[in-house]
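Given next are the chains, with one letter for each unit.
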Amino acid sequence: MRSLGLGLPLASLLTGVALLFTAPAAHAADTPLRDLAAAQGKVVGTAVTGSKLTGTYGDITGAQFSSLTPGNAMKWESVEPTRGTFNWTEADQIVAFAQAHHQQVRGHTLVWHSQNPSWLTNGSWTSAQLGSLLQNHISTEVGRYKGKITAWDVVNEPFNEDGSYRSSIWYNGLGSGYIASALTWAHAADPDAKLYINDYNVEGVNAKSDALYNLVKSLKAQGVPIDGVGLQAHLILGQVPSTLQQNIQRFADLGVDVAITELDVRVQLPADATELAQQKSDFKSVVAACAAVTRCVNVTVWGFTDADSWVPSTFPGYGAATPYDENYQPKPAYYGIAEALGGSGSGGGTTPPPSGACTAAYGVSSQWDTGFTGQVTISCSGVSLASWKVNWTFGAGQRITQAWNATCTQSGTAVSCANASYNGAVPDGGSVTFGFNGSFSGSNPVPTVTLG
Ligand code: 9MR
């Protein structure tokens, strides 16, 4: 038997340090989220990308959610990239998918400062021209989907953080009256669609949500068709506003519906088990706050999988913001949503699901005065993986110097190793091993590894 620098046989050292961590596998709650939500009189939705609505992404979208929001497909730059030339392909596809799966569609969005076509933003328009362009846009898009859209985010993000109106092509050209005009035009094009104003950082009671509240109150008083407010809820881990439910309730008391329209909870990467448990609690409290108010009708996540989230590209170093991981495995956050909707939960983050699991085992196979060779074996039973990533934190200043059969990166104490191009697949009943050399000084304690 090969002997080690410590004089121990290889097998005994491996046995001594190998550590198992069970990661949640391909197992969702027994009752789909959409059924749990329906039992509470609620609708649960996700933002989607039309081109991805096949395979596992399509299966989960259809099975778990009762409402879809096109993430980008209905924005002005998507539907009319050149003046007078329309492209409805992705929007039509999402609406057709929703109809086939008996899902609502939330139209997003008609009037926004962002994602407008350059022909519009670069043009020089009189106020009258701008008003007519906007009216035409709204009539065309809302009219096209008349009867197929449950709710429209008619106006998106009209406020600054201090509650003043945001400077935009619309506010600058038309004044604050653009909001009432847009709602009125949308109502004319589809009288049955619920019309919303949608914004971010308006989840708690603050200056911005006060401004939204006062606007809705004044629109109602003037008889402008306003049916709801959308609280986007792009949240940071551990920062669900304590006044969320109170805020939802005050809008409901004004006589409008409320929807949580773009929920995600971003985490500094790599996310560890404690953070994923906190994220579960955050998702659960947001959904519970909505569930507690009769007029809170819909909770929509902004992408259901970490493979389809805007967060990593917008906030470098942050991610893991959605309820499913990049391999479409439900995360603890998924069970947080389920529990808030009255489901039994089960994947609390530490409790392994009953139907199968993949595990990652870390071992040190040889060690000398300042260095060591280690390996991690990923094994699956009852489920399989198409790709994998293993994370851990080195507690004693160890550093990876070289890795094989994986791509490893280390930032401070955080190590993350992802599969190579040729060994991402771990079949049911199979395993994959990768290795590395590391340096250390003093002690070389075994880290806890997590399979992401
Ligand atoms: O998810 C959308 C992303 O793909 C786009 O690149 C981005 C551009 O601004 O818009 C994202 O969606 C936004 C939504 O339309 C409005 N609220 C904020 C969302 C995240 O940026």
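To be clear, the structure that these remarks concern was listed above.
Residues numbered from 1 in each chain as written. Predicted model: local features only at pLDDT ≥ 70, side-chain atom pairs only at ≥ 80, totals over all residues. Heavy atoms only, no water.

**Considering the overall build of the protein**
The helix and strand tally for the protein stands at 14 helices and 19 strands. Expressed along its principal axes, the backbone C-alpha trace of the protein runs to roughly 85 × 45 × 40 Å. Every one of the 452 residues in the protein was classed for burial, and the buried ones make up 53%. In the protein, the proportion of contacts linking residues at least 24 apart, taken out of those at least 6 apart, comes to 75%. Side-chain charges in the protein split into 23 positive and 32 negative, and the spacing between the mean points of these groups amounts to 3 Å. (Helix = DSSP H or I, 4+ residues; strand = E, 2+ residues; numbered from the N terminus. Buried < 20%, exposed > 50% of the residue type's maximum accessible area, 1.4 Å probe, protein only. Contact = heavy atoms within 4.5 Å. Lys, Arg positive; Asp, Glu negative; His and termini not counted. Charge placed at Lys NZ, Arg CZ, Asp CG, Glu CD.)

**Section: helix α3 (residues 55–64)**
Taken together, the buried positions of α3 are Tyr57, Gly58, Ile60, Thr61, Gly62 and Gln64. In this structure, the buried residues of α3 make contact with α2 (33–39), β2 (43–48), β3 (67–70), α5 (89–100) and α14 (332–340).

**Points about the layout of surface pockets**
Considering only enclosed or pocket space, the second largest pocket measures out at about 620 Å³ in volume. As for the second largest pocket, its lining consists of 32 residues, of which Gln232, His234, Glu262, Trp302 and Trp310 are closest to the centre. Going through the elements one at a time, β2, β8 (234–236) and β9 (257–268) are the ones with two or more residues in the lining of the second largest pocket. With three residues, the top contributor of residues to the lining of the second largest pocket is β8. In terms of residue class, the lining of the second largest pocket is made up of 11 nonpolar, 14 polar and seven charged. (1 Å grid on protein atoms, 1.4 Å probe; cavity = no way out; pocket = protein on both sides within 12 Å on 5 of 7 lines; lining within 4 Å. Points joined across faces, edges and corners; volume = space filled by probe spheres on them. Nonpolar A, V, L, I, M, F, W, Y, C, P; charged D, E, K, R; others polar.)

**Here's the deal with the sheet that holds strand β19 (residues 449–451)**
Backbone hydrogen bonds are what pair the strands of a sheet, in a parallel or an antiparallel way. One open sheet holds the four strands; their spatial order is β16-β17-β14-β19, and the pairing between them is antiparallel. Each having just a single partner strand, β16 (406–411) and β19 make up the two edges of the open sheet. Shown here is a sheet whose adjacent strand axes are inclined to one another by a mean of 20°, direction ignored. As paired elements, β16 and strand β17 (residues 414–419) share six bridges and run antiparallel to each other. From the neighbouring strand, Thr409 faces β17, where its bridge partner is Ser416. (Pairing = 2+ DSSP bridges. Axes fitted to C-alpha atoms, helices over the stretch in contact; angles between N-to-C directions.)

**Remarks on the site of the ligand**
Close to the ligand lie Asn72, Lys75, His108, Trp112, Gln115, Asn156, Glu157, Gln232, His234, Glu262, Trp302 and Trp310. Interatomic distance of 2.7 Å between a side-chain N/O atom of His108 and an oxygen atom of the ligand. Contact with the protein chains removes 73% of the 450 Å² of surface that the ligand exposes when unbound. Put simply, the ligand lies in the second largest pocket. A per-class count over the shell around the ligand returns three nonpolar, six polar and three charged. (Near = heavy atom within 4 Å. Polar contact = N/O pair within 3.5 Å; in protein donor to acceptor, adjacent residues only side chain to side chain. Areas by Shrake-Rupley, 256 points an atom, 1.4 Å probe, with all protein chains shown as cover. Sits in = over half its atoms within 2 Å of the grid points.)

**Remarks on the state of the cysteines**
Going through the model one piece at a time under the given rule, you end up with two disulfides. The disulfide bridge from Cys408 ends at Cys417, spanning 2.1 Å between sulfur atoms. In this structure, the disulfide formed by Cys408 and Cys417 twists by about 115° around the S-S bond and is classed as right-handed. We classify Cys417 as buried; its relative accessible area is 0%. (Disulfide = S-S within 2.5 Å.)

**What to know about the packing of aromatic side chains**
Taken as a whole and assessed by the stated rule, the structure comprises 25 aromatic pairs. The structure contains a cluster of three or more aromatic residues connected by ring pairs, namely Tyr362, Phe372, Trp388, Trp392, Phe394, Phe434, Phe436 and Phe440. (Phe/Tyr/Trp six-rings, centres within 6.5 Å; stacked < 30°, edge-to-face > 60°.)

**Some details on the nonpolar core**
One finds Ile260 and Leu263 to be the most contacted residues of the largest nonpolar core, which totals 89 residues. The greatest single-element share of this core, amounting to eight residues, is contributed by helix α9 (residues 178–189). Those residues in contact with Ile260 that sit more than four places away from it in its chain are Leu231, Gln232, Ala233, Ile248, Val286, Cys290, Cys296, Asn298, Val299 and Thr300. Core analysis: the next-biggest nonpolar cluster, separate from the first, contains 25 residues, Ile378, Trp388, Trp392 and Phe434 among them. (Core = buried A, V, L, I, M, F, W, Y, C linked by side-chain atoms within 4.5 Å.)

**Looking at the environment of Leu174**
Position of Leu174 relative to the elements: it lies in helix α8 (residues 169–174). With 87 residues separating them along the chain, Leu174 and Thr261 place their C-alpha atoms 27 Å apart. Once residues lying within four places of it in the same chain are set aside, the contact partners of Leu174 are Ser127, Leu130, Gly131 and Leu134.

Don't take any of this as a statement about function, it's just geometry.
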